[in-house]
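Single-letter residue listing:
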Amino acid sequence: MTTATELTSGNAAAVVLAAGHSKRLRSEQPKVLHGVGGRPLVSWVVQAAREVGCAPICVVVGSGADQVRSVLDSAGAGDIVWVEQPEQRGTGHALSMARGVLRSEGLALVLSGDAPLVRPGTLSALLEAAAAGWGSLAVADLPEPGSLGRVAREGDRLVRIVEAADADEDTLALRTVNAGHYALPVPEIFEWLEKVDASNARGEFYLTEAVSAAAREHPVAAVRLEDASEALGVNSRADLAAVQRVFYRRAVDGLLAAGVTVLDPETVWIDAGVTVGVDSVLHPNVTLLGASSVGSGCTVHSGAWIRDSVLDDGVEVLPYSVLDGARVASDCTIGPFARLRPEAVLEDGAKVGNFVEVKKATLGPGVKASHLAYLGDASVGAGANIGAGVITCNYDGKKKSRTVIGEGAFVGSDCILVAPVEIGAGAYTGAGSVITKDVPEETLAVGRARQKNIKRRPR
Ligand code: UD1
Ligand code: CA
């Protein structure tokens with residue numbers, strides 16, 4: 001006999017049911033490609049299966065199959081076996097499509113591609129419970145079970161699953177729901193599926209019908225989820241919002257446990273995988289997305305929107321700043337109302353103030369650009385000062401050119417630097433200059449019309 005430990009260490013298959021569009025979502029996109037926590041719904045389910053060592057991982061796709069494939073293949077490890085379900089005729093029908101690829105005997109995890117909150121630990125528990133009997137399913141007690149299938153059980157043993165659409169009032173009143181994740185024996189489950197018909201409210205071949213029928217003859221374990229949110233699936237835009245909220249909440253809880261102060265956990269949006277160092281403080285309405293990381297001792301104020309950016313220790317992001325693909329070294333100050341675009345690099349202690357935009361530009365240590373500037377395709381040497389209203393003219397209508405500003409240079413307010421151009425170290429440009437020629441080191445450049453004062457005619 002196979003022991004549970006062996007099963008959880010990697011010889012179970014997984015079948016993720018992920019076919020089709022959802023009418024209730026009213027979307028052009030296949031349902032499982034809708035994003036939560038920064039990734040498509042289905043990719044979370046696939047990842048959980050991967051984490052418990054399932055092989056093969058089969059994903060059943062139908063309408064929009066090409067889209068689902070290309071999204072998962074481009075992000076994934078190339079370990080997915082694709083199964084086509086040409087017409088979406090129900091979850092039981094979807095699973096039966098995988099029969100040809102599940103040739104060996106053993107347990108298969110059968111997972112709903114639209115229920116992304118399931119944790120790897122739950123999948124291990126399902127395999128363990130199934131190994132001790134015939135099969136298992138995850139159930140949860142929800143105060144508002146909505147459209148989820150209702151579960152009748154005796155202790156830990158499943159009696160039957162009834163779909164909400166087919167349930168009478170008493171059954172609808174049950175609070176225990178089917179989370180849509182199972183561990184089932186192959187090939188036996190396929191034999192039960194053959195006996196299922198579509199005489200139900202939705203006219204579909206239900207997997208739940210086959211599992212219920214099997215449960216009349218075999219012990220099917222109902223594994224109760226400690227964290228009922230794992231049972232949430234996405235059948236509507238409202239469900240999508242609810243699931244998204246749980247993702248953000250899980251990320252915030254992770255940060256709180258790791259020593260980060262989050263002043264208002266309900267308003268902070270953080271993608272899974274974002275890291276924040278100890279003693280950093282996140283103010284309300286902060287958004288941290290994608291492959292972002294924030295060091296320790298940082299403060300991120302309200303309204304900051306940060307994506308795919310790396311912030312070292314002691315950085316302060318003042319309100320309403322946008323950072324996208326930026327790299328910020330220790331002790332920099334950004335904002336309020338600053339915008340760092342891709343390949344903006346701020347070295348130690350640089351300061352970018354209000355209404356300053358930085359793109360593909362490196363600001364050396366201690367550089368200050370405090371007000372109203374555009375620095376694109378540029379490098380600015382250590383300690384240089386960029387005055388208010390300075391613009392690098394990096395684009396001549398055909399090509400982009402670079403501006404190089406040397407260490408300790410002082411670029412006066414409202415200077416226009418027409419690239420390609422170089423301002424030497426320690427050079428100084430007079431306010432309002434249009435600089436079209438290189439300025440040597442330690443030199444004052446003035447490129448503007450001299451002021452004339454002309455006496456007014458007598459009135
Ligand atoms: C299903 C369960 C319900 C459970 C809920 C958990 C059935 C009949 N009902 O209901 O008991 O509480 O999940 O979330 O199984 N799919 C296909 N092909 C199809 C139909 C569905 O691949 O022909 C996929 C969908 O893409 C989806 C998953 O299977 O990811 C579940 O299907 P869905 O129609 O959303 O089932 P529910 O009504 O939510
Ligand atoms: Ca569903």
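Note: the structure precedes this text.
Criteria and cut-off values
- Residues numbered from 1 in each chain as written.
- Chains lettered and ligands numbered in written order.
- Predicted model: local features only at pLDDT ≥ 70, side-chain atom pairs only at ≥ 80, totals over all residues.
- Heavy atoms only, no water.
- Helix = DSSP H or I, 4+ residues; strand = E, 2+ residues; numbered from the N terminus.
- Buried < 20%, exposed > 50% of the residue type's maximum accessible area, 1.4 Å probe, protein only.
- Core = buried A, V, L, I, M, F, W, Y, C linked by side-chain atoms within 4.5 Å.
- Contact = heavy atoms within 4.5 Å.
- Donors = N, O, S within 2.8 Å, 3.2 Å for Na, K, Ca; no water.
- Pairing = 2+ DSSP bridges.
- Expected span 1.5 Å × (residues − 1).
- Salt bridge = Lys/Arg side-chain N within 4 Å of Asp/Glu carboxyl O.
- Near = heavy atom within 4 Å.
- Polar contact = N/O pair within 3.5 Å; in protein donor to acceptor, adjacent residues only side chain to side chain.
- Areas by Shrake-Rupley, 256 points an atom, 1.4 Å probe, with all protein chains shown as cover.
- Phe/Tyr/Trp six-rings, centres within 6.5 Å; stacked < 30°, edge-to-face > 60°.
- Lys NZ or Arg CZ within 6 Å of the ring centre and 35° of its normal.

Peer 1: Help me understand unusual backbone geometry in this model?
Peer 2: For residues besides glycine, phi is generally negative; the peptide bonds are generally trans as well. Note that the residue after Val186, namely Pro187, is joined by a cis bond; omega there is 10°. Summarising the element assignment, Pro187 is placed in the loop between strand S10 (176-186) and helix H7 (188-194). Note that the residue after Ala419, namely Pro420, is joined by a cis bond; omega there is 0°. Tracing the backbone shows Pro420 in the loop between strand S33 (416-418) and strand S34 (421-423). With a phi close to 50°, Glu442 is a non-glycine residue in the positive phi region. Note that Glu442 resides in the loop between strand S36 (434-435) and strand S37 (444-445). Look at Glu442 and you get exposed, because its relative accessible area is 64%.

Peer 1: Would you take a moment to explain the nonpolar core for this structure?
Peer 2: Most often, soluble globular proteins have nonpolar side chains that are buried together. Ranked by internal contacts, the top residues of the largest apolar core, which has 55 residues, are Val328, Leu340 and Leu363. Among the secondary structure elements, those contributing two or more residues to this core are helix H9 (237-257), strand S26 (344-346), strand S27 (351-363), strand S28 (368-380) and S34. Sequence-distant contacts of Leu363, that is, excluding residues within four places in its chain, are made with Val345, Leu346, Glu347, Ala350, Val352, Val358, Leu375 and Val380. Counting residues in hydrophobic clusters, the runner-up holds 41 residues, among them Ala48, Ala49, Ile57 and Ala65.

Peer 1: Just checking my understanding: could you explain the coordination of the calcium ion (ligand 2) for this structure?
Peer 2: The reference angle at a metal is 109.5 degrees if four donors form a tetrahedron and 90 or 180 degrees if six donors form an octahedron. Around the calcium ion (ligand 2), the protein contributes the donor atoms Asp114 (OD) and Asn235 (OD1), which lie 2.2 to 2.4 Å from the metal centre. Taken as a pair, Asp114 in the loop between strand S6 (106-112) and helix H5 (120-131) and Asn235 in the loop between strand S11 (220-224) and H9 lie far apart in primary sequence, 121 residues in all. Overall, Asp114 belongs to the buried group, its relative accessible area being 14%. For Asn235, a relative accessible area of 22% gives the class partly exposed.

Peer 1: Please explain the pairing of S11 as it appears in this structure.
Peer 2: Two faces make up the sheet, and in a regular strand the side chains alternate between them. Of all five residues making up S11, four are buried, and the element is well covered by its neighbours. The sheet contact formed by strand S7 (residues 135-141) and S11 spans five bridges and is parallel. What sits directly across from Leu137, in S11, is Ala222.

Peer 1: How should H5 be read in this particular structure?
Peer 2: An α-helical segment advances 3.6 residues per turn. Residues three or four places apart therefore align on the same side. Taking 1.5 Å per residue as the helical rise, H5 with its 12 residues ought to reach 16 Å, and the 17 Å between its terminal C-alpha atoms agrees with that figure. The complete set of buried residues in H5 reads Thr122, Leu123, Ser124, Leu126, Leu127, Ala130 and Ala131.

Peer 1: Before we go on, may I ask you to explain the pattern of salt bridges in this structure?
Peer 2: Side chains that differ in sign of charge can pair as their charged atoms come close. Summed over all chains, the structure comprises 19 salt bridges. The shortest N-O distance in the salt bridge between Glu163 and Arg202 comes to 3.9 Å. Placement of Glu163 in the loop between strand S9 (157-162) and helix H6 (169-172) and of Arg202 in the loop between H7 and helix H8 (207-217) is noted, with a sequence separation of 39 residues between them. On the basis of relative accessible area, Glu163 is assigned to the buried category, the value being 11%. Exposure remark for Arg202: the relative accessible area of 48% places this residue in the partly exposed category. In this structure, Glu266 and Arg249 form a salt bridge, with 2.7 Å as the shortest nitrogen-oxygen distance. Of the two residues, Glu266 sits in the loop between strand S12 (261-262) and strand S13 (269-270) while Arg249 sits in helix H9, which places them 17 residues apart along the sequence. For Arg249, a relative accessible area of 27% gives the class partly exposed.

Peer 1: I tried to follow the site of ligand 1 on my own but got confused; where do I start?
Peer 2: Lining the immediate environment of ligand 1, one finds 22 residues, of which Gln85, Gly90, Thr91, Glu163 and Asn178 sit closest. With respect to ligand 1, the backbone of Ala18 contributes an N or O atom lying 3.4 Å from an oxygen atom. Summarising the interface, the protein chains cover 94% of the accessible area of ligand 1, which totals 740 Å² for the free molecule. Here the element with the most residues in the shell around ligand 1 is S10; it accounts for three residues.

Peer 1: What is the right way to read the environment of Tyr320 from this model?
Peer 2: Considering the arrangement of structural elements, one finds Tyr320 in the loop between strand S21 (316-317) and strand S22 (322-324). As a C-alpha pair, Tyr320 and Asn285 span 35 residues in sequence and 9.6 Å in three-dimensional space. Setting aside residues no more than four positions away along its own chain, Tyr320 makes contact with Ser302, Gly303, Ala304, Phe337 and Ala338.

Peer 1: Is there a simple way to think about the packing of aromatic side chains in this case?
Peer 2: The relation between two aromatic rings is expressed through the spacing of the ring centres and the mutual angle of the planes. Inspection of the entire model under this criterion finds five aromatic pairs. Ring centres 5.3 Å apart and planes at 10° place the aromatic pair Phe337 and Phe355 in the stacked group. One end of the pair, Phe337, is in the loop between strand S24 (333-334) and strand S25 (339-340); the other, Phe355, is in strand S27, with 18 residues separating them in the sequence. Seen from their ring centres, Phe410 and Tyr428 are 4.7 Å apart, and the 10° between their planes marks the pair as stacked. Taken together, the residues Phe410 in strand S32 (residues 410-411) and Tyr428 in strand S35 (residues 428-429) connect sequence positions 18 residues apart. Judged by relative accessible area, Phe410 falls into the partly exposed class, the value being 33%. Grouped by ring-pair contacts, the aromatic residues Tyr320, Phe337 and Phe355 constitute a single cluster. Looking at Lys195, its charged tip hangs above the ring of Trp192, at a distance of 4.1 Å from the centre. The ring of Tyr395 has Lys400 lying over it, and the distance from NZ or CZ to the ring centre is 5.5 Å.

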